[in-house]
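Structural characterization, general
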Amino acid sequence: MPTVNDFIPRITSVMEAYREMTSSRRLRKLLELVLVLGNYMNRGARGNVSGFRLISLNHLADTKSSAAKGTSLGVNSRIH
């Protein structure tokens, strides 16, 4: 039967990942860019939103550009 000590390495890893994500300026900028692009793509339909759920990032690979030159994920990767 697992003890609390068996979970400490996993908990430590999750805490470290959280610290890295919350302090990353590059990640913050990337998420801001995703928000701006989403607001641009949805202009008129939903108005500007102030945020999005992280699960929405899974849909970036499926979002095609109107010019059929790739996906929004590809555009983001070329910008950075």
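Refer to the preceding data block for the structure.
Note on numbering: residues in each chain are counted from 1, in written sequence order. Per-residue local features are limited, in this predicted model, to residues with pLDDT of at least 70; the limit for side-chain atom pairs, both in listing and counting, is 80 or more; totals at the level of whole chains, interfaces and linings are taken over all residues. To get the side-chain values, take all heavy atoms of the structure and skip hydrogens and water.

Looking at the overall build of the protein chain
Here is the rule we go by: Strands here mean DSSP runs of E at least two residues long; helices mean DSSP runs of H or I at least four residues long; both are numbered from the N terminus. Buried, partly exposed and exposed residues are distinguished by accessible area as a fraction of the type maximum, computed with a 1.4 Å probe on protein chains only: under 20%, between the cut-offs, and over 50%, respectively. In this analysis, two residues are considered to be in contact whenever any of their non-hydrogen atoms come within 4.5 Å of each other. Surface accessibility follows the Shrake-Rupley procedure with a 1.4 Å probe radius. Residue values consider only the protein chains on display as shielding.
For the protein chain, the count of helices and strands is three helices and zero strands. Each helix and strand of the protein chain, ordered N terminal to C terminal, gives the series α-α-α. By the burial criterion, 10% of the 80 residues in the protein chain qualify as buried. Considering only intrachain contacts with a sequence separation of at least 6, the fraction spanning at least 24 residues in the protein chain is 26%. A total accessible area of about 7,100 Å² is found for the protein chain, and carbon and sulfur atoms account for 60% of it.

Regarding helix α1 (residues 4–23)
Heads up, the condition is: Expected helix span is computed as 1.5 Å times (number of residues minus one). One axis is fitted to the seven residues ending at the residue and one to the seven starting there. The bend at that residue is the angle between these axes.
The end-to-end C-alpha distance of α1, which contains 20 residues, comes to 28 Å, matching closely the 28 Å that a straight helix rising 1.5 Å per residue would cover. Of all the bends in α1, the largest measures some 25° and sits at R10.

Re the pattern of salt bridges
Stated precisely, the cut-off is as follows: For salt bridges, the criterion is a side-chain nitrogen of Lys or Arg within 4 Å of an Asp or Glu carboxyl oxygen.
Per the counting criterion, the structure on display carries two salt bridges. E16 serves as the salt-bridge partner of R19, at 3.2 Å between the closest nitrogen and oxygen. Of the two residues, R19 and E16 are both situated in helix α1; the distance of three residues between them amounts to about one turn of the helix. Overall, the relative accessible area of 43% leaves R19 in the partly exposed class. E16 gets classed as partly exposed once you look at its relative accessible area, which sits at 37%.

Considering the packing of aromatic side chains
What describes a pair of aromatic rings is the distance from one ring centre to the other and the angle between the planes of the rings. The line we're drawing: We call Phe, Tyr and Trp rings a pair once their centres come within 6.5 Å, taking the six-membered ring for Trp, and we label the pair stacked below 30 degrees between planes, edge-to-face above 60, and tilted otherwise. For a lysine, the NZ atom is tested; for an arginine, the CZ atom; a charge sits over a ring if that atom is within 6 Å of the ring centre and within 35 degrees of the ring normal.
Under the criterion given, the structure shown has zero aromatic pairs. Over the aromatic face of Y40 sits the side chain of R43, whose NZ or CZ is 4.2 Å from the ring centroid.

Brief notes about the side chain of N39
One can find N39 in helix α2 (residues 25–41). Beyond its immediate sequence surroundings of up to four residues, N39 is in contact with G47, N48 and V49.

Structural notes on a nonpolar patch on the surface
The cut-off we apply is this: What makes a patch is a set of residues exposed beyond 30% relative accessible area and free of salt bridges, joined within 9 Å when like-charged and within 5 Å when nonpolar (Val, Leu, Ile, Met, Phe, Trp, Tyr).
Residues F7, I11 and M15 make up a contiguous nonpolar surface patch of about 280 Å² in total accessible area. If you trace the backbone, I11 turns up in helix α1. Among the residues examined, I11 registers a relative accessible area of 45% and is labelled partly exposed.

Side note on α2
Let me state the cut-off plainly: Each C-beta atom gives one direction from the helix axis, and the arc is the one those directions make. Pairs of N or O atoms within 3.5 Å make up the polar contacts considered here, provided that, within protein, one atom can donate a hydrogen while the other can accept it, and that residues adjacent in sequence are counted only when both atoms are side-chain atoms.
The end-to-end C-alpha separation of α2 is 24 Å, in line with the 24 Å expected for 17 residues at 1.5 Å each. Of all the positions in α2, only V34, L35 and N39 are classed as buried. Along the axis of α2, the buried residues cluster in a sector spanning 130°; they form a single face. Exposed residues lying more than 90 degrees from the buried face of α2 are R25, R26, K29, V36 and Y40. N-capping of α2 is provided by S24, with a side-chain oxygen placed 3.1 Å from the backbone N of L27.

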